[in-house]
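# Observations on the model geometry
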Amino acid sequence: MTVHFVGAGPGAADLITVRGLRLIESARVCLYAGAIVPRELLDAAPADARLVDTADLTLDEIVAEFRAAHDDGLDVVRLHSGDTSFYSAVGEQIRRLAALGIPYDITPGVPAFAAASAALGRELTLPGVGQTVVLTRVSNNSTAMPPGEDLATLGRSGALLVLHLAVRETARIVAELTPLYGADCPVAVVARASRPDELVVRGRLADLEALVRDNGVKAVAVIMIGRVLEDSAPGFCESHLYSPERVRSAAGA
C-alpha cells in the first residue's frame, strides 16, 4: 500500500501530469482538497473508489483515513491543488506517515505561478532584466512568516516577487515595496489561472489596491511585482543559449 501525493494542477483538469491521472484512475481511496480540485479529476477515479473531501477535516482525521486504507491494503491518492512542493501542507502529512511506517511517494503538478505566467503570455526570466523569481506569501490569518522572510527583506533583491495568499494585504504590499520597486513598477494579478473564469489584470504598484478591489479579486490569485513584467522590458537581450557566438561541441563529442 502507498499514499500517492499528487499535484492536481492550477485548476484546468487537463493540466495534470500523465502519471498523476493514471494514479487517480487506479485509486481505491482518493482524498482531495475540496472545491479547488477539478471535479473531472475525481470522475476519473474508479466507480467504487472512496472519495473524501478534506476541506473540513483536521490533520488527525486525514491521517486516520491513511491508516484505515493502510490497514485494508488500499492505495491512496491524496490530491492537492497546484504543485506539492510549496503551500500544500504535504510536509506535515508525510511526517506523520513516516512516523507510522506508511510508505508514500510524490507526483508534482503544474504550480499556480506557472499557469499565471502562461496567462500573461510571457517568460518570467529575461536575460539582462531579471533571472530570479521569489515565491512567497504574506502573513495574515495564517502561520507567521519566519524572521528574514518579510517583504522588505525579500524585496531588496529587486527580483520578481510572486505573492500567494496576499490579495487581502494589498495596502501593506504597496507600502512596503514602493520604496524598493517604485510606484511605477509593473504588477499583474492573475486569479483562477487556467480556469474558464480566469482573470488577468495588469497595472502599476501604486494602483494595486484598486486593481484587486475593482476587479473583485477575493482569493485563488497570485500577485506578481517586478520590472520583468514591463512590456518594453528595457535591456532585454537574446539568451546566450542560442547565440551563434556560443561554442558548441562537435557532433558525437
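Our structure is the block above this text.
Every value quoted in this text rests on a predicted model; they were computed, and no experiment measured them.

## A closer look at the overall build of the chain
Of the regular secondary structure elements, the chain holds eight helices and ten strands. Going through the 253 residues of the chain one by one, you find that 44% of them count as buried. Across the chain, every contact between residues at least 6 apart in sequence was considered, and the portion connecting residues at least 24 apart equals 70%. Only carbon and sulfur atoms are counted for the fraction: they give 51% of the accessible area of the chain, which is about 13,100 Å².

## Here we look at the sheet that holds strand S7 (residues 160-164)
Judged by pairing direction, the sheet is mixed, and its five strands sit side by side in the order S6-S7-S10-S8-S9 without closing on themselves. At either end of the open sheet lies a strand with only one pairing partner, and these are strand S6 (133-137) and strand S9 (199-204). Ignoring which end each strand starts from, the neighbouring axes of this sheet average 20° apart. Bridge analysis of S6 against S7 gives five bridges, and the strand direction is parallel.

## What about the environment of Ile223?
On the secondary structure map, Ile223 appears in strand S10 (residues 221-225). When its relative accessible area of 0% is taken as the criterion, Ile223 is described as buried. Separated by 32 residues in the primary sequence, Ile223 and Ala191 place their C-alpha atoms 8.7 Å from one another. Setting aside its immediate chain neighbours within four residues, Ile223 contacts Leu161, Val162, Leu163, Ala166, Val167, Thr170, Ile173, Ala188, Val189 and Leu208.

## Observations regarding the packing of aromatic side chains
Summed over all chains, the structure comprises four aromatic pairs. Plain terms: the ring middles of Phe5 and Phe66 are 6.1 Å apart, the flat faces sit at 80° to each other, and that makes the pair edge-to-face. On the criterion of sequence distance, the pair formed by Phe5 in strand S1 (residues 3-7) and Phe66 in helix H3 (residues 59-72) is long-range, its members being 61 residues apart. The class of Phe5 is buried, set by a relative accessible area of 0%. For the ring pair Phe86 and Phe113, a centre distance of 6.3 Å and an interplane angle of 45° mean the geometry is tilted. With Phe86 in the loop between strand S4 (76-80) and helix H4 (90-100) and Phe113 in helix H5 (residues 112-120), the pair connects residues that are 27 residues apart, well separated along the chain. We classify Phe113 as partly exposed; its relative accessible area is 21%. Through pairs of rings, three or more aromatic residues link up here, namely Phe5, Phe66 and Tyr104.

## Comments concerning the packing of H3 against H4
Where H3 contacts H4, the two axes come as close as 11 Å, and the packing angle between them is 45°. The angle between the axes of H3 and H4 places the two elements in the oblique class. For the element pair H3 and H4, the recorded crossing hand is right-handed. Residues Leu59, Asp60, Ile62, Val63, Phe66 and Arg67 of H3 form the contact with H4, whose participating residues are Glu92, Gln93, Arg96, Leu97 and Leu100.

## Details of the pattern of salt bridges
Throughout the structure, instances matching the rule amount to eleven salt bridges. A salt bridge links Glu176 to Arg172, with the nearest nitrogen and oxygen atoms 3.3 Å apart. Linking Glu176 with Arg172, this pair stays in helix H7 (residues 170-181), spanning four residues, or about one helical turn. Judged by relative accessible area, which is 27%, Glu176 ranks as partly exposed.

Parameters at a glance
Residues numbered from 1 in each chain as written. Predicted model: local features only at pLDDT ≥ 70, side-chain atom pairs only at ≥ 80, totals over all residues. Heavy atoms only, no water. Helix = DSSP H or I, 4+ residues; strand = E, 2+ residues; numbered from the N terminus. Buried < 20%, exposed > 50% of the residue type's maximum accessible area, 1.4 Å probe, protein only. Contact = heavy atoms within 4.5 Å. Areas by Shrake-Rupley, 256 points an atom, 1.4 Å probe, with all protein chains shown as cover. Pairing = 2+ DSSP bridges. Axes fitted to C-alpha atoms, helices over the stretch in contact; angles between N-to-C directions. Phe/Tyr/Trp six-rings, centres within 6.5 Å; stacked < 30°, edge-to-face > 60°. Parallel < 35°, antiparallel > 145°, perpendicular 65-115°, else oblique. Left-handed = near helix turned anticlockwise from the far one by under 90°. Salt bridge = Lys/Arg side-chain N within 4 Å of Asp/Glu carboxyl O.

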